[in-house]
Amino acid sequence: MDTIRTMAEGGTSARTKEVRAFGTEAATAPLDQLNIKRRIPKPHDVEIDILYCGVCHSDLHTARNEWHGTIYPCVPGHEIVGRVVSVGDHVTKFKVGDLAAVGCMVDSCRECDYCNEGLEQYCAEGNIQTYNSPDKYLGTQTYGGYSESIVVTESFVLRVPENLDLAAVAPLLCAGITTYSPLKHWHVGPGQKVGVVGLGGLGHMAVKIAKAMGADVIVFTTSPSKVEDAKRLGADEVVLSRDETQMAKYAGKLHFVLDAVSAEHDINAYLNLLRVDGSLVLVGAPELPLPVAAFSLIPSRRSFSGSMIGGIAETQEMLDFCGKHNIVSDIELINIQQINEAYERLLKGDVKYRFVIDMASLKN
Ligand code: NAP
Ligand code: ZN
Ligand code: ZN
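Per chain, the residues get numbers from 1 upward, laid out in the order the sequence is written. Chains carry letters from A onward and ligands carry numbers from 1 onward, assigned in written order. Only residues with pLDDT of at least 70 get local features here, since the model is predicted, and only at 80 or more are side-chain atom pairs given and counted; chain-wide, interface and lining totals rely on the full set of residues. Side-chain metrics rest on all non-hydrogen atoms present in the structure, leaving aside hydrogens and water.

Colleague: Sorry if this is basic, but what is going on with the packing of helix 4 (residues 175-185) against helix 10 (residues 312-325) here?
Modeller: In helix packing, the relevant descriptors are the interaxial angle and the interaxial distance, both defined with respect to the helix axes. Axis angles are defined between N-to-C directions and span 0 to 180 degrees, where every axis is a line fitted to C-alpha atoms and, for a helix, only to the segment in contact. Counting from the N terminus, the helices are the DSSP runs of H or I reaching at least four residues and the strands are the DSSP runs of E reaching at least two. The N-to-C vectors of helix 4 and helix 10 enclose an angle of 100 degrees; their axes lie 10 Å apart at closest approach. What the angle tells us is that helix 4 and helix 10 run roughly perpendicular. For the pair helix 4 and helix 10, the contacting residues are G176, I177, Y180, S181 and K184 in the first and E314, T315, E317, M318 and F321 in the second. Here the residues of the contact of helix 4 with helix 10 sort into 4 nonpolar, 3 polar and 3 charged. To sort the angles, those under 35 degrees are grouped as roughly parallel, those over 145 as roughly antiparallel, those from 65 to 115 as roughly perpendicular, and the leftovers as oblique. Contacts were defined at the residue level, with two residues in contact if any of their heavy atoms lie within 4.5 Å. Gly counts as polar in this scheme, as do all residues outside two lists: the nonpolar Ala, Val, Leu, Ile, Met, Phe, Trp, Tyr, Cys and Pro, and the charged Asp, Glu, Lys and Arg.

Colleague: Any chance you could explain a nonpolar patch on the surface here in plain terms?
Modeller: Taken together, the side chains of Y114, Y122 and M308 present a nonpolar region at the surface, about 270 Å² in accessible area. Along the chain, Y114 turns up in helix 2 (residues 113-116). For each residue, the accessible area found with a 1.4 Å probe, counting protein chains only, is set against the maximum for its type, and the residue is called buried under 20%, exposed over 50%, and partly exposed in between. Owing to a relative accessible area of 41%, Y114 belongs among the partly exposed residues under this scheme. Exposure above 30% relative accessible area and no salt bridge define the residues that can form patches, which grow by joining like charges within 9 Å and nonpolar side chains of Val, Leu, Ile, Met, Phe, Trp and Tyr within 5 Å. Using a 1.4 Å probe, the Shrake-Rupley method yields the accessible areas, and only the shown protein chains count as cover for residues. The salt bridge criterion pairs a side-chain nitrogen of Lys or Arg with a carboxyl oxygen of Asp or Glu, the two atoms within 4 Å.

Colleague: Can you help me understand helix 4 in this one?
Modeller: Since the α-helix turns once every 3.6 residues, residues separated by three or four places project in the same direction. Within helix 4, 9 of the 11 residues are buried, leaving the element largely enclosed by the surrounding structure. Regarding helix 4, the residues found buried are A175, G176, I177, T178, T179, Y180, S181, P182 and L183. Positive backbone phi, at 55 degrees, marks H187, one or two positions downstream of helix 4.

Colleague: Explanation requested: the side chain of R302 in the structure shown.
Modeller: Within the secondary structure layout, R302 lies in the loop between helix 9 (294-297) and strand 15 (303-306). Here R302 sits buried without a salt bridge, and the closest side chain of opposite charge, D277, lies 9.3 Å off (N-O distance). Within the local environment of R302, its side chain forms a polar contact with the backbone oxygen of L271, the two atoms lying 3.1 Å apart. In protein, a polar contact means a hydrogen-donor-capable atom and an acceptor-capable atom, both N or O and within 3.5 Å, with residues adjacent in sequence counting only if both atoms are side-chain atoms; elsewhere, any N or O pair within 3.5 Å suffices. At a separation of 3.5 Å, a polar atom in the side chain of R302 contacts the main-chain carbonyl oxygen of N272. Residues within four places of R302 in sequence aside, it is in contact with G252, L271, N272, L274, R275, G278, S296 and L297. Charged residues are defined here as Lys and Arg on the positive side and Asp and Glu on the negative side; His and the ends of the chain fall outside this count.

So far we have only geometry, and geometry alone does not tell us how the molecule works.
What follows is the structure, encoded as structure tokens:
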């Protein structure tokens, strides 16, 4: 591959090489093969050959500019598992041949109060996401894991538990941490009734993790075809959320609800499930605002919050927790050439429960 020099915004230069990737040039264009540049590893960098990359609904929201702010070309993918192929001179945590993983962030300011507390996702300067963030080395936007390889500073690279299936580990890097972090922050555990809304990639990880934390889990799904699966995944009870009689039985009964729905829905129906002092945490990020009625919150002193992924140390903690409890994602392995079809199926809720791309297919 060619090695060339690229001028970054700050005037610094980085040597780069071209790698194959899959991405899109416009919100309405399908994803297709394209070439991107990766920097040659700097002293603290780890270069990873990507083996598997999970397909998050955020990839679709971003590729189609549903959150407004996508810079094209856009190469999504932030559930990355691979093997280290080179390291910079100052790297101490990884060596060539190690397994490694990268999630939703590749950097942050590393100096603000939040970064110092391990909350890099809430960095005061804004974290640098794996795709669609400014790339300070190359002056372009960052490009994600639908690609042959990635170069990341070692403090944002994670270790993969050796005992887990590699392809099924990939979704832990976003779906796993995004659900683990709020479940832990809100002290979900034994004796609590926890609702999980939306049984997709995030939702099915929330079921497994909340069960491993000792909670009673009730799944709320719009899909009758997922009822048996939800139980197999560990749910104690399953409710068809479009059935008002079933919903009424749970009014005021839950301590905590995690909402992982990707599209417009009635949030008040779920706030009403909470006990006094209960919390509903939104991790799903629909394009349009969700109206909240004052009287869904006031009479039972309920809280309505949001949560974004998790910090780097917490992501490692989650991976180790999953290693210990033998938790991975239920996946459907696809080739990169099937990505556009996979996006259409995501929109229909037709995924059980995470697409993972076998990145070897990029070489086809
Ligand atoms: P996903 O696999 O597509 O799952 C979403 C689920 O939502 C579907 O399987 C479906 O579950 C339910 N759903 C879809 N459309 C619905 C509708 N119109 N009404 C009611 N329910 C509907 O998506 P995902 O990858 O898990 O991501 C879920 C959301 O979280 C996305 O918006 C994503 O961008 C966001 N996200 C946020 C963070 C964060 O840091 N906060 C991180 C990652 C992802 P049922 O069939 O069970 O109803
Ligand atoms: Zn994601
Ligand atoms: Zn910071």
